[in-house]
Amino acid sequence: SAVISQKPSRDICQRGTSLTIQCQVDSQVTMMFWYRQQPGQSLTLIATANQGSEATYESGFVIDKFPISRPNLTFSTLTVSNMSPEDSSIYLCSVEVSRSTGELFFGEGSRLTVL
Amino acid sequence: DQQVKQNSPSLSVQEGRISILNCDYTNSMFDYFLWYKKYPAEGPTFLISISSIKDKNEDGRFTVFLNKSAKHLSLHIVPSQPGDSAVYFCAASPSSNTGKLIFGQGTTLQVKP
């Protein structure tokens, strides 16, 4: 399976600031996926990051709040903009393992706390 | 609306006994169902999956059962070990949406020595 490195692993942020999370994969992948897990909640897909095109956002998530970059086939960033305490979550980068089963491989996540 | 539900937020079992984690879903168009395990400060790790055309899949101590008529699946762990203590997520994979797994809320399993 792939090796996914996420930075930062955790951070404490002030309300109104923005933070960029980096995701590095050890192999080239077509699509990378950003998920969010709010405290005590399930994991929810934020967007799909495609190399060479704009990210595709799920309902309830917008580019202005969560801008995504995908400069090459091994790297992506997710920015959480103008943060509020409601953005306190674990943000997870993932890649597809099996198209037939839908299995994803996840990074270790970035735990953000917004004060 | 919650398409995948895990109604038990927590479960405690004795080491060596069977752990049964349950999951219900509402959408009959899901192609695959998956179980993930998550330890604190780590990302979810894949455990086992089952196709919607099967009713059972077994891998070592882990077995997943699917009851399509009831829109219900369960994960059996036997025998349970203290190292199995983690949060378990049920997830469903829609056939047309690559990368979009729909997760339940998770069940925290505690296996007592």
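A brief structural summary. All values derive from a computational prediction rather than experimental measurement.

1. Details of the overall build of chain B
Item 1. For chain B, the helix and strand inventory stands at zero helices and 11 strands.
Item 2. Put simply, chain B runs from its N terminus to its C terminus through helices and strands in the order β-β-β-β-β-β-β-β-β-β-β.
Item 3. Against the compact-globule benchmark of 13 Å for 113 residues, chain B has a radius of gyration of 13 Å, which places it among compact chains.
Item 4. Principal axes of the C-alpha set define a box for chain B whose edges measure 40 × 30 × 20 Å.
Item 5. Within chain B, buried positions represent 45% of all 113 residues.

2. A word on the pattern of salt bridges
When charged atoms on two side chains of opposite charge get close, those side chains can pair.
Item 1. Tallying each qualifying case throughout the model produces five salt bridges over all chains.
Item 2. Notably, a salt bridge pairs A:Arg99 with A:Glu96, separated by 3.4 Å at the nearest N-O pair.
Item 3. The exposure class assigned to A:Arg99 is exposed, which follows from its relative accessible area of 58%.
Item 4. The partly exposed category is assigned to A:Glu96, whose relative accessible area is 24%.
Item 5. When the shortest N-O distance is used, the salt bridge between B:Arg61 and B:Asp84 registers 2.8 Å. You can see B:Arg61 sitting in the loop between strand 6 (56-59) and strand 7 (62-67) and its partner B:Asp84 sitting in the loop between strand 8 (72-77) and strand 9 (86-94), a full 23 residues away along the chain.

3. With respect to the interface of chain A and chain B
Item 1. On the side of chain B, 20 residues touch chain A, which itself brings 22 residues to the contact.
Item 2. Scanning the region where chain A abuts chain B turns up one salt bridge.
Item 3. For B:Lys100, the salt bridge is made with A:Glu58, and the minimal N-O distance between the two is 2.9 Å.
Item 4. In this assembly, chain A and chain B are joined by three residue pairs in polar contact (both at pLDDT 80 or more).
Item 5. Put simply, the parts of the chain that give the side of chain A that touches chain B at least two residues each are strand 4 (31-37), strand 5 (43-50), strand 9 (89-96) and strand 10 (104-106) of chain A.
Item 6. Take the side of chain A that touches chain B: its biggest share by element is four residues, from strand 4 of chain A.

4. So, the environment of A:Leu73
Residue and element names in this part refer to chain A.
Item 1. With respect to the secondary-structure elements, Leu-73 resides in the loop between strand 7 (68-72) and strand 8 (75-80).
Item 2. Residues Leu-73 and Gly-52, spaced 21 residues apart in sequence, show a C-alpha to C-alpha distance of 9.1 Å.
Item 3. The contact partners of Leu-73, leaving out residues within four places of it in the chain, are Ser-27, Gln-28, Val-29, Thr-30 and Gln-51.

5. What to know about the environment of B:His76
Residues and elements named next belong to chain B.
Item 1. Looking at the secondary structure, you find His-76 in strand 8.
Item 2. In this structure the C-alpha to C-alpha distance between His-76 and Lys-56, which are 20 residues apart in sequence, comes to 11 Å.
Item 3. Sequence-distant contacts of His-76, defined by excluding residues within four places in its chain, comprise Ile-18, Ser-19, Ile-20, Arg-61, Phe-62, Thr-63 and Phe-65.
Item 4. A distance of 3.3 Å separates the side chain of His-76 from the side chain of Ser-74, its partner in a polar contact.

6. Quick look at the sheet that holds strand 1 (residues 4-7) of chain A
Residues and elements named next belong to chain A.
Item 1. Taken in spatial order, the four strands line up as 1-3-8-7 in an open sheet, and their pairing is antiparallel. Edge positions in the open sheet fall to strand 1 and strand 7, since each of these has one partner strand only. Taking the axes of each pair of neighbouring strands and ignoring which way they run, one obtains an average angle of 15 degrees across the sheet.
Item 2. Pairing geometry for strand 7 and strand 8, over three bridges, is antiparallel.

About the cut-offs
- Residues numbered from 1 in each chain as written.
- Chains lettered and ligands numbered in written order.
- Predicted model: local features only at pLDDT ≥ 70, side-chain atom pairs only at ≥ 80, totals over all residues.
- Heavy atoms only, no water.
- Helix = DSSP H or I, 4+ residues; strand = E, 2+ residues; numbered from the N terminus.
- Rg over C-alpha atoms; globule rule 2.2 N^0.38 Å.
- Buried < 20%, exposed > 50% of the residue type's maximum accessible area, 1.4 Å probe, protein only.
- Salt bridge = Lys/Arg side-chain N within 4 Å of Asp/Glu carboxyl O.
- Contact = heavy atoms within 4.5 Å.
- Polar contact = N/O pair within 3.5 Å; in protein donor to acceptor, adjacent residues only side chain to side chain.
- Pairing = 2+ DSSP bridges.
- Axes fitted to C-alpha atoms, helices over the stretch in contact; angles between N-to-C directions.

Geometric values such as these leave the question of function open.
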